[in-house]
Amino acid sequence: MINIYLKPTRERPVVNGHPWIFSGAIERLECFDGNDQVVSVADVFDSKKNWLARGLYNPKSQLRVRLLTWQKEAIDQNFFSRRLAHALTFRAEQLTGSTNAYRLCNGDGDFLPGLIIDRYADYCVCQILTAGMELFKDAIVNALSAIASSKGIFERSEGRVREEEGLAASTGALAGETPPELIQIEEHGNKFFVDLKHGQKTGFFLDQRDNRAFLATLARNKTILNCFSYTGGFSVYAFTGGAKEVVTFDSSHPALELAERNLDLNGFADPPGELIKGDAFAYLKEIEQKFDVIVLDPPALAHRRRDIDAATGGYKFLNLHALRHLNPGGLLLTFSCSPHLSADLFQKVVFGAAVDAGRKVVVVKRLGHPVDHPVSLHHPEGEYLKGLALRALD
Ligand code: SAH
């Protein structure tokens, strides 16, 4: 256990509920066994020694403490049970009947920084992204097993955040059965095969569920380009919504193979349109074809704050060329999932693209995360998915 005293000028965000404390905000540390180099639970105080909050301390990370609670409660299995039950209740109320795949725990958005849990039919996939959360892996697995009965809990703790925390990747079964190579989920009546063990993220882009459903409402008789398709989520919804033709485009061969199987699974074997593997930047620049609807859902082009300038160039390029390939009256559903790129900046970039493309466009809808990806009001940085549905005049 470590006590952390904040600099007077850096107390306000913590009092207001922001969960992150960077090294520069810390005035001094007090540790009881003389070792401040171990990952541990930490109590946070203001400069006048008033207790403020409790969190997880990692001496190796610039993001030194991630706060879990603003009450003096023990961080133990009961704590995780309460938080996960709170998270699950809302998902069950909102999503039962429409999908059996959803995000059960969205990290900071569920006041559990560094913990992602996705539910896919009978299985849970768990991502522990920080060294602090890693201390509580057993407590989390026990709590999860008790509140959400599943055939198995599979771990996919990997990626950049974990590396920055000084942690190696860790994957494999944590409890119960190991999931099969592919499992089947159902979302708004659409079926998908998901590769929980090797697929991108934890296997599926659950965060785009509402936006896929929105596409279905405007797909009838349209020619559609699903650019950055992954396993064809938007394409399946486009066909169920009555699309005339869908081009499904991605750079990943396994993703496209699964996209083909997903189309087939929903009764669209050999559907009008193609599945194309390639680089979307080159494709959008080179093609001549025009579409009624284009979905542009690239991977995060900026992972770190310092990448934003380069990323805005990439977003502008993609949106500019997508807008050039829209038929008059056509719709562009354009997204950014870069955590550090604000909705405001994204809109400005897309505006620049429209000006350069010589198109006049209106925003018909703002798009974002579904209800199972809540964002803490105290941590607006958690709002990573930004989208605009745009309609071109002529
Ligand atoms: N829209 C998808 C998720 C897209 S994730 C869904 O709803 O499921 C981003 C996708 O972009 C990934 O599948 C990745 O393989 C693909 N990708 C990354 N770089 C690419 C590039 N340069 N050209 C085409 N696809 C790319």
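Refer to the structure presented above.
Here's a quick rundown of the structure. Only a predicted model underlies this, so the values are computations on that prediction, with no experimental measurement involved.

Counting its regular elements, the protein chain contains 11 helices and 20 strands. The C-alpha atoms of the protein chain give 22 Å as radius of gyration, which agrees with the globular expectation for 394 residues (21 Å, within 12%). Referenced to the eigenvectors of the C-alpha coordinate spread, the extents of the protein chain come out at roughly 70 × 45 × 35 Å. Counting over 394 residues, the protein chain shows a buried share of 56%. Considering only residue pairs separated by 6 or more positions, the protein chain has 63% of its internal contacts joining residues 24 or more positions apart. Working note: accessible area of the protein chain is about 17,000 Å², and carbon and sulfur atoms make up 50% of it.

Contact geometry for helix α10 (residues 308–324) and helix α11 (residues 343–357): axes closest at 8 Å, N-to-C directions at 45°. One finds that α10 runs oblique with respect to α11. Seen from above, α10 lies across α11 with right-handed handedness. When α10 is examined against α11, the residues I308, T312, Y315, K316, N319, L320, L323 and R324 are found in contact with a partner set consisting of L345, F346, V349, V350, G352, A353, A354, D356 and A357.

Before going further, it helps to examine the pairing of strand β4 (residues 40–45). In terms of burial, β4 is a largely internal element, 6 of the 6 residues being buried. Note that β4 and strand β5 (residues 51–57) share 6 bridges and pair antiparallel. Bridging across to β5, V44 finds its partner in A53. Taking the residues that link successive antiparallel strands as the turn, the β4-β5 hairpin has 5 residues, and the phi of K49 there is positive, at about 70°.

A few words on the packing of aromatic side chains. For the structure shown, the criterion picks out 13 aromatic pairs. The structure contains a cluster of three or more aromatic residues connected by ring pairs, namely F79, F80 and F136. Its guanidinium or amino end placed over the ring of F193, R261 lies 4.8 Å from that ring's centre, counting from NZ or CZ.

A separate point is the packing of helix α2 (residues 77–95) against helix α4 (residues 137–147). Where α2 contacts α4, the axes come no closer than 9 Å and their chain directions differ by 45°. In this view, α2 runs oblique relative to α4, as classed from their interaxial angle. Crossing hand, α2 versus α4: right-handed. Along the contact surface, α2 presents Q77, F80, S81, L84, A85 and L88, while α4 presents A139, I140, N142, A143, L144 and I147.

Turning to the pattern of salt bridges, a few remarks are in order. According to the stated counting rule, one finds 21 salt bridges in the structure shown. Here R156 and E158 are joined by a salt bridge, their closest N and O atoms 2.5 Å apart. Residue class for R156 comes out buried when judged on its relative accessible area of 5%. The class for E158 is partly exposed, based on a relative accessible area of 29%. Two residues, R304 and D307, come together in a salt bridge whose shortest N-O distance is 3.2 Å.

This part takes up the sheet that holds β5. Taken in spatial order, the 6 strands line up as β2-β6-β5-β4-β1-β3 in an open sheet, and their pairing is mixed. Strands at the two margins of the open sheet, each flanked by one partner only, are β2 (20–22) and β3 (26–31). Along the sheet, successive strands turn relative to each other by an average axial angle of 35°, direction set aside.

Residues Y120, I183, I185, L215, I224 and L333 are the most contacted members of the largest nonpolar core, which totals 37 residues. Residue assignment for this core shows that the elements contributing at least two residues are β9 (123–128), β12 (183–187), β13 (190–194), α6 (209–217), α7 (233–240), β17 (291–296) and β18 (326–336). Top element by residues in this core is α7. It accounts for 5 residues.

Quick look at the sheet that holds β9 now. Read from one edge of the open sheet, 5 strands run β7-β8-β9-β10-β11, paired in mixed fashion. Strands with a single pairing partner mark the edges of an open sheet, and in this sheet they are β7 (101–106) and β11 (170–176). Neighbour-to-neighbour, the strand axes of this sheet turn through a mean angle of 20°, independent of strand direction. With 6 bridges connecting them, strand β8 (residues 115–120) and β9 associate as antiparallel partners. In the sheet register, I117 faces β9, and the bridge partner there is C126. Docked against the sheet, α2 engages β7 and β8, running at close to 150° with respect to β7.

About the criteria used
Residues numbered from 1 in each chain as written. Predicted model: local features only at pLDDT ≥ 70, side-chain atom pairs only at ≥ 80, totals over all residues. Heavy atoms only, no water. Helix = DSSP H or I, 4+ residues; strand = E, 2+ residues; numbered from the N terminus. Rg over C-alpha atoms; globule rule 2.2 N^0.38 Å. Buried < 20%, exposed > 50% of the residue type's maximum accessible area, 1.4 Å probe, protein only. Contact = heavy atoms within 4.5 Å. Areas by Shrake-Rupley, 256 points an atom, 1.4 Å probe, with all protein chains shown as cover. Axes fitted to C-alpha atoms, helices over the stretch in contact; angles between N-to-C directions. Parallel < 35°, antiparallel > 145°, perpendicular 65-115°, else oblique. Left-handed = near helix turned anticlockwise from the far one by under 90°. Pairing = 2+ DSSP bridges. Phe/Tyr/Trp six-rings, centres within 6.5 Å; stacked < 30°, edge-to-face > 60°. Lys NZ or Arg CZ within 6 Å of the ring centre and 35° of its normal. Salt bridge = Lys/Arg side-chain N within 4 Å of Asp/Glu carboxyl O. Core = buried A, V, L, I, M, F, W, Y, C linked by side-chain atoms within 4.5 Å.

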